[in-house]
Amino acid sequence: MAATPADGNIKTEQPHLVSLVLQSKKALQQGEQLCTRARTVSSESAQTSIDLMALDAKLKWVTDAVVEQLKLAAAVAKSIEEKRARLEKQTDEWDTMRNSRVDALDSILESLGSQVVPPSFHVASSDSSLFGSQPGTDDEVDQPNGEPKPPQDDPFPGQSPTETLRNVLRNGLPKHHRRSSDRSKWKTLRDFVDERAIEGVLDTIENDRVALDKIMSRTSRYPEDLTKTITDIRTNVATEFTMPSIVAVVTSQEDASANMATLLTNLAHHYDQIVDVLHESEAGTVFDPSEIEDMNRDTDELPRVISDLEQNMSSIQTSHEQLLTSKQQALQLLKTQKDTLDDLEVLGDVMQDMLTHQETVESQSMEHIADMHVSLGAIEDLHVRFTSYEYSYSKLLLELGRRKQYKEAAEKVVEGMLSQLEAMVEEERQRRESFNAEYGDHLPSDVCLSIQNLPTRWEVVPWNHEPIETLPEVDADLLKEANARIQSAEANLTNISSSQSL
């Protein structure tokens, strides 16, 4: 800088220096404003960071509480679902048992329907059947007094065994009646079963099953409704909150503040230099053109410095806005979580009512299922009765077959007995005729009149009810004496015959 002043140069440089001072002052004022604002924003950011950390801690606590409440609600929903599943399993087991027993009953009924019953087996009154069968057909009840016809297989209806045997001895064995071979008109074992009673049992069981469905339907939507409500609440719950890095934000703001402080110091230093140069110029100091050029160049750098300050301020403002946004988000989430807690509290009361209602339904259902199992016993009893019925009927057929064999064997015995009896009667007739021819004329006519009677087969039938001629009683001593006399007479006749021959 030149020491010798020149009046012309001083007048020329002062307006230019004043302009530089004004520019520098303006830049310094802008820098101070930016730094002041940055300092304020940084302080607000620090407080926001503290609030944000407190909100994050509270949000985590509330979120954990919401999650635990949701887990409890899910456990209650699962408990209700498991209780209903147990009831449904018992119901399914009952259905399976019912289907099995109904199928067994249908099977035995079909089996009964395939077994024909001869018309001679029918009875007139349903009271005589164990199963409430209908009265017999008109063919079976045609007597004037309404009584059933006698069995067609009985050749001597209404007779005692004694009378039957007497008729056999008198008239011989009867020929068997022919039986109808058209079995399409025959009844079956199922015709003797009370179908209406069976339908009544099945209808009662079905009504009980429908009643059970009505009881269980009271809580059928509980698990679904609870699950949907829990899902909706869980969807609205933000269980994750992205907390910004407070350390990174504070560090970036401190770095930006330090840069701004440096830049502001430079602006202040530049301003002081320009003011000093203006004072020196007013004092008459003349500066070299190179010095003036340097001052102009430094002054031209002021917009760039201001731009750097603004960028740093923008960085601080951006990080501050990030903290504010996170704080606002945390506040909103906290409000949502509190509302969710309120909803969960209401849901807790609802679930308590659901549990109480479910226990009531479960108790009623268990009692009803127990009664339904008792009702299944009626089907089982019917199946046992009809199975015994079918078995006994088969035994009846076998018994009748055995009796038929007995009857045929008895007939053969009777036939043999009749033939033997006829031969004995014929032999007796010859002997009586020979006796009467040889000795009858030597006996008085009024002694033992029955001696002239010919033999009949009725003389050997003790149960004959018709009056017959009986033989006179002969004591044993008389028979003995007669035998001795005959032997003596025959001996005399032998001696006489021998003497005559000599």
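Every value quoted in this text rests on a predicted model; they were computed, and no experiment measured them.

*Asks:* Explain the overall build of the protein chain to me, and be specific about the residues and the numbers.
*Replies:* Scanning the protein chain from N- to C-terminus turns up eight helices and two strands. Moving toward the C terminus, one meets the helices and strands of the protein chain in the order α-β-α-β-α-α-α-α-α-α. Taking all 502 residues of the protein chain together, the buried fraction comes to 29%. Excluding contacts between residues fewer than 6 apart, the proportion of contacts in the protein chain whose partners are at least 24 apart in sequence is 89%. Of the roughly 32,400 Å² that the protein chain leaves accessible, carbon and sulfur atoms contribute 53%.

*Asks:* Summarise the packing of aromatic side chains; cite the residues concerned and give the values.
*Replies:* Under the definition given, this model contains two aromatic pairs. Ring centres of Phe-121 and Tyr-393 lie 6.2 Å apart, and the angle between their planes is 70°; this geometry places the pair in the edge-to-face category. Of the two residues, Phe-121 is situated in the loop between β1 (116-117) and α2 (161-171) and Tyr-393 in helix α7 (residues 302-439); the sequence distance between them amounts to 272 residues. Ring geometry for Phe-435 versus Tyr-439: centroids 5.2 Å apart, planes at 45°, classification tilted. Taken together, the positions of Phe-435 and Tyr-439, both in helix α7 and four residues apart, correspond to about one turn of that helix. Residue placement shows Lys-187 over the ring face of Phe-192; its charged tip is 5.5 Å from the ring centre.

*Asks:* Quick rundown of the packing of helix α4 (residues 222-236) against α7? Include the residues and the values.
*Replies:* Packing of α4 against α7 brings their axes to within 11 Å, and their N-to-C directions diverge by 170°. Looking at the two axes, α4 sits roughly antiparallel to α7. Seen from α4, the contacting residues are Tyr-222, Leu-226, Thr-229, Ile-230, Ile-233 and Asn-236; seen from α7, they are Thr-336, Thr-340, Leu-344, Leu-347, Met-351, Met-354 and His-357. For the contact of α4 with α7, the residue count by class is eight nonpolar, five polar and no charged.

*Asks:* Give a description of the nonpolar core that names residues and reports values.
*Replies:* Considering soluble globular proteins, one finds that nonpolar side chains tend to be buried as a cluster. Judged by nonpolar contacts, the single largest core of 27 residues is most densely connected at Met-260, Leu-267, Met-295 and Leu-309. Sorting the residues of this core by element identifies α1 (7-113), α5 (246-282), α6 (289-300) and α7 as the ones contributing at least two each. With ten residues, the single largest contributor to this core is α5. Other than its neighbours up to four places away in sequence, Met-295 contacts Leu-17, Leu-20, His-270, Ile-274 and Val-277. Formed by 25 residues, the second largest nonpolar core is a distinct cluster that contains Leu-59, Ala-330, Leu-334 and Leu-347.

*Asks:* Please provide a residue-by-residue account of the confidence of the model for the protein chain, values included.
*Replies:* Segments scoring low in pLDDT should not have their predicted coordinates read at a detailed level. Across the protein chain, the average pLDDT comes to 78, with 79% of residues at or above 70. Across the protein chain, the element-wise mean pLDDT spans from 54 in α2 up to 93 in helix α3 (residues 195-217). In the model, residues 1-11 has pLDDT below 50 throughout and makes 19 contacts with residues more than four positions away in sequence or in other chains. pLDDT under 50 marks residues 124-128. Its contacts with residues more than four places away, or in other chains, come to eight contacts.

*Asks:* Explain the pattern of salt bridges to me, using residue names and the numbers behind them.
*Replies:* Per the stated rule, a full pass over the model turns up 20 salt bridges. Note that Glu-88 is salt-bridged to Arg-84, the shortest N-O span being 3.5 Å. With Glu-88 and Arg-84 both in helix α1 and four residues apart, this pair spans about one turn of that helix. Among the charged side chains, a salt-bridge network with shared partners connects Asp-95, Arg-98, Glu-206, Arg-209 and Asp-213.

*Asks:* An account of the side chain of Thr-340 is requested, with residue identities and associated values reported.
*Replies:* Relative to the assigned elements, Thr-340 resides in helix α7. Using a relative accessible area of 5% as the deciding quantity, one classes Thr-340 as buried. When sequence neighbours within four positions are dropped, the list of residues in contact with Thr-340 reads Val-66, Ile-233 and Val-237.

*Asks:* Which residues make up the environment of Asp-342, and what values do they have?
*Replies:* Along the polypeptide, Asp-342 turns up in helix α7. Sequence-wise, Asp-342 and Val-66 are 276 residues apart; in three dimensions their C-alpha atoms are separated by 9.9 Å.

*Asks:* Which residues make up the environment of Val-374, and what are the values?
*Replies:* Among the secondary structure elements, Val-374 is positioned in helix α7. Sequence spacing of Val-374 and Ile-205 is 169 residues, and the spatial spacing of their C-alpha atoms is 9.9 Å.

*Asks:* Just give me the short version of the packing of α3 against α7, but keep the residues and values in it.
*Replies:* Here α3 crosses α7 at 165°, and the two axes come no closer than 10 Å. As summarised for this structure, α3 and α7 are arranged roughly antiparallel, according to the angle between their axes. Where α3 crosses over α7, the handedness of that crossing is left-handed. Across the interface between the two elements, Ile-198, Val-201, Leu-202, Ile-205, Asp-208, Arg-209, Ala-211, Leu-212, Ile-215 and Met-216 from α3 touch Val-361, Gln-364, Ser-365, His-368, Ile-369, Met-372, Ser-375, Leu-376, Ala-378, Ile-379, Leu-382 and Phe-386 from α7. Per-class residue counts for the contact of α3 with α7 are 16 nonpolar, four polar and two charged.

*Asks:* Give a detailed account of the UniProt feature "coiled-coil region" (unreviewed entry) in the protein chain, specifying residues and quantitative values.
*Replies:* The positions that UniProt labels "coiled-coil region" (unreviewed entry) are, in the present scheme, residues 70-97 and 407-438. For residues 70-97, helix accounts for 100% and strand for 0%, while the C-alpha atoms at its two ends are 40 Å apart. Taken end to end, residues 407-438 is 100% helix and 0% strand, and its two terminal C-alpha atoms sit 45 Å from one another.

*Asks:* Can you lay out a nonpolar patch on the surface for me, pointing to particular residues and giving the numbers?
*Replies:* Taken together, the side chains of Phe-435, Tyr-439, Leu-443 and Ile-451 make up a nonpolar region of the molecular surface, amounting to roughly 320 Å² of accessible area. If you trace the backbone, Leu-443 turns up in the loop between α7 and α8 (476-501). With relative accessibility at 41%, the residue Leu-443 sits in the partly exposed group.

*Asks:* So, a negative patch on the surface: which residues are in play, and what are the values?
*Replies:* Negative charge collects at one region of the surface, where Asp-342, Asp-343, Glu-345, Asp-349 and Asp-353 lie side by side. Counting through the fold element by element, Glu-345 comes out in helix α7. On the accessibility criterion, Glu-345 (56% relative accessible area) is exposed.

*Asks:* Would you mind going over the environment of Leu-264 in detail, with residue names and values included?
*Replies:* By the secondary structure assignment, Leu-264 is in helix α5. A C-alpha to C-alpha distance of 9.3 Å links Leu-264 and Gln-29, two positions 235 residues apart in sequence. Setting aside residues no more than four positions away along its own chain, Leu-264 makes contact with Leu-28, Gly-31, Glu-32, Cys-35 and Leu-309.

How each quantity is defined
- Residues numbered from 1 in each chain as written.
- Predicted model: local features only at pLDDT ≥ 70, side-chain atom pairs only at ≥ 80, totals over all residues.
- Heavy atoms only, no water.
- Helix = DSSP H or I, 4+ residues; strand = E, 2+ residues; numbered from the N terminus.
- Buried < 20%, exposed > 50% of the residue type's maximum accessible area, 1.4 Å probe, protein only.
- Contact = heavy atoms within 4.5 Å.
- Areas by Shrake-Rupley, 256 points an atom, 1.4 Å probe, with all protein chains shown as cover.
- Phe/Tyr/Trp six-rings, centres within 6.5 Å; stacked < 30°, edge-to-face > 60°.
- Lys NZ or Arg CZ within 6 Å of the ring centre and 35° of its normal.
- Axes fitted to C-alpha atoms, helices over the stretch in contact; angles between N-to-C directions.
- Parallel < 35°, antiparallel > 145°, perpendicular 65-115°, else oblique.
- Nonpolar A, V, L, I, M, F, W, Y, C, P; charged D, E, K, R; others polar.
- Core = buried A, V, L, I, M, F, W, Y, C linked by side-chain atoms within 4.5 Å.
- pLDDT = per-residue confidence, 0-100.
- Salt bridge = Lys/Arg side-chain N within 4 Å of Asp/Glu carboxyl O.
- Left-handed = near helix turned anticlockwise from the far one by under 90°.
- UniProt positions renumbered as here; feature names shortened; annotations may be inferred.
- Patch = residues over 30% accessible without salt bridge, like charges linked within 9 Å, V, L, I, M, F, W, Y side chains within 5 Å.
- Lys, Arg positive; Asp, Glu negative; His and termini not counted.
- Charge placed at Lys NZ, Arg CZ, Asp CG, Glu CD.

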